[in-house]
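What follows is each chain in one-letter form.
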Amino acid sequence: MSLKMPEVDTAVLARRAEIVRDLSGIVPGEGVIANEREMRPYESDGLTAYKQLPFVVVLPETTAQVSRVLKYCHDNNIRVVPRGSGTSLSGGALPLADGVLLGMGKFNKVREIDYDNRVVVVEPGVTNLAISQAVAHEGFYYAPDPSSQIACSIGGNIAENSGGVHCLKYGMTTNNVLGCEIVLITGEVLRIGGKHLDSEGYDLLGLITGSEGLLGVVTEVTVRILKKPETARAVLVGFTSSEDAGTCVSRIIGAGSSPAAWR
């Protein structure tokens, strides 16, 4: 099955050497990857059926660098595709032949843990499991589990509004994110939400979560953490038909019980 990609901007391709040089000035050192062989790992996300070699890969480390890269691309009419850990199976991080692939893997720090307000402030490259591990000694954890929490990043979760086996009880990513810092394509940095509960007015966090990077690049996230249950037990039940299984699930929920996970 072929994939129709956007028409390539030949004017951008012709300026590749200049663009790579300018981006290297914004993100120095090993922050820019322009060699074909070194860019191969970025040619697809977890959906390997579709591949496209990036125009250039940029790996910023600070919000200021992200802001300058996006502003430069905006001013020079260059497309940008943000990328998290690349675990998605939706093709959401598929690069463009004439676009900058903005990898957020170096944003991998836990910036703050606030047990009083039950929140953690992290960079988008931090994995789901890393949050749970950071707060485990105090009996807390991060509930969403897209079934690849050992590898998937919070930034990617926000881009895809990831769910998983815990979503029936604890909701999707959008139900566990309280705030974020986002950089617009113009380079402007916005802060939306925070440690408080839902704000008045438009649900901008709900708009950003699931937008697949189309509205901006997330550089900081405030997530909700929960107390670990005192006990957890796995139950395996066999059914003679799918209808019987569905009836069992509906009766359990109807009785007011919602298991932490369904498989």
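Residues numbered from 1 in each chain as written. Predicted model: local features only at pLDDT ≥ 70, side-chain atom pairs only at ≥ 80, totals over all residues. Heavy atoms only, no water.

Moving on: the overall build of the protein. What the protein contains, in helices and strands, is nine helices and 11 strands. Taken along its principal axes, the extent of the C-alpha atoms in the protein is 65 × 45 × 35 Å. Here the protein holds 263 residues, and 40% of them are scored as buried. Of all intrachain contacts in the protein linking residues separated by at least 6 positions in sequence, the fraction that spans at least 24 positions is 65%. Counting only carbon and sulfur atoms, one obtains 53% of the accessible surface of the protein, whose full area is about 14,300 Å². (Helix = DSSP H or I, 4+ residues; strand = E, 2+ residues; numbered from the N terminus. Buried < 20%, exposed > 50% of the residue type's maximum accessible area, 1.4 Å probe, protein only. Contact = heavy atoms within 4.5 Å. Areas by Shrake-Rupley, 256 points an atom, 1.4 Å probe, with all protein chains shown as cover.)

Tracing the sequence through the fold places T127 in the loop between β6 (119-122) and α5 (128-135). The buried category is assigned to T127, whose relative accessible area is 17%. Polar contacts involving the side chain of T127 include one to the main-chain amide nitrogen of A130, which spans 3.1 Å. (Polar contact = N/O pair within 3.5 Å; in protein donor to acceptor, adjacent residues only side chain to side chain.)

Here we take up the sheet that holds strand β4 (residues 99-103). What holds strands together in a sheet is hydrogen bonding between their backbones, with the strands either parallel or antiparallel. Spatially, the four strands line up as an open sheet ordered β1-β2-β4-β3, and their pairing is mixed. A strand with exactly one partner marks an edge of an open sheet, and here the two such strands are β1 (32-33) and β3 (79-83). Note: β3 against β4, five bridges, orientation parallel. By the bridge assignment for β4, R79 is matched with G99. Sheet strands in contact with helix α4 (residues 63-75) are β2 (56-58), β3 and β4, and its direction is about 170° off that of β4. (Pairing = 2+ DSSP bridges. Axes fitted to C-alpha atoms, helices over the stretch in contact; angles between N-to-C directions.)

With that out of the way, let us pick up the nonpolar core. Counting 22 residues, the largest nonpolar core has L23, V58, V66, V69 and L102 as its most contacted members. Put simply, the parts of the chain that give this core at least two residues each are α2 (16-26), β2, α4 and β4. Contact partners of V66, with chain neighbours within four places excluded, come to P60, L102, M104, F107, V183, V217 and T219. Counting 19 residues, the second largest nonpolar core, distinct from the first, contains F140, V177, C180 and V223. (Core = buried A, V, L, I, M, F, W, Y, C linked by side-chain atoms within 4.5 Å.)

Think of a pair of aromatic rings as described by two things: how far the centres are apart, and how the planes are tilted against each other in angle. Tallied over the full model, the rule gives two aromatic pairs. With centroids separated by 5.4 Å and ring planes inclined at 35°, the aromatic side chains of Y115 and F140 adopt a geometry described as tilted. Pair noted here: Y115 is in the loop between β5 (110-114) and β6 and F140 is in strand β7 (residues 140-141), with a separation of 25 residues, a long-range link. Since its relative accessible area comes to 6%, F140 is described here as buried. Judged by centre distance (6.3 Å) and plane angle (90°), the ring pair of Y141 and Y170 falls under edge-to-face. (Phe/Tyr/Trp six-rings, centres within 6.5 Å; stacked < 30°, edge-to-face > 60°.)

Moving on: the state of the cysteines. Taken as a whole and assessed by the stated rule, the structure comprises zero disulfides. A disulfide-free cysteine, C152 has its sulfur positioned 13 Å from the sulfur of C167, the nearest such atom. Judged by relative accessible area, C152 falls into the buried class, the value being 3%. This cysteine, C180, is not joined by any disulfide, and C152 carries the nearest cysteine sulfur, 18 Å off. Exposure remark for C180: the relative accessible area of 6% places this residue in the buried category. (Disulfide = S-S within 2.5 Å.)

Another point: the pairing of β4. Most of β4 is tucked away, with five of its five residues classed as buried. Burial of β4 is two-sided: the residues G99, L101 and G103 facing one way and the residues V100 and L102 facing the other way are all buried. Sheet topology note: the β2/β4 ladder contains three bridges and is parallel. The residue of β4 that forms the bridge with V56 is V100.

The values are spatial; any link to function lies outside them.
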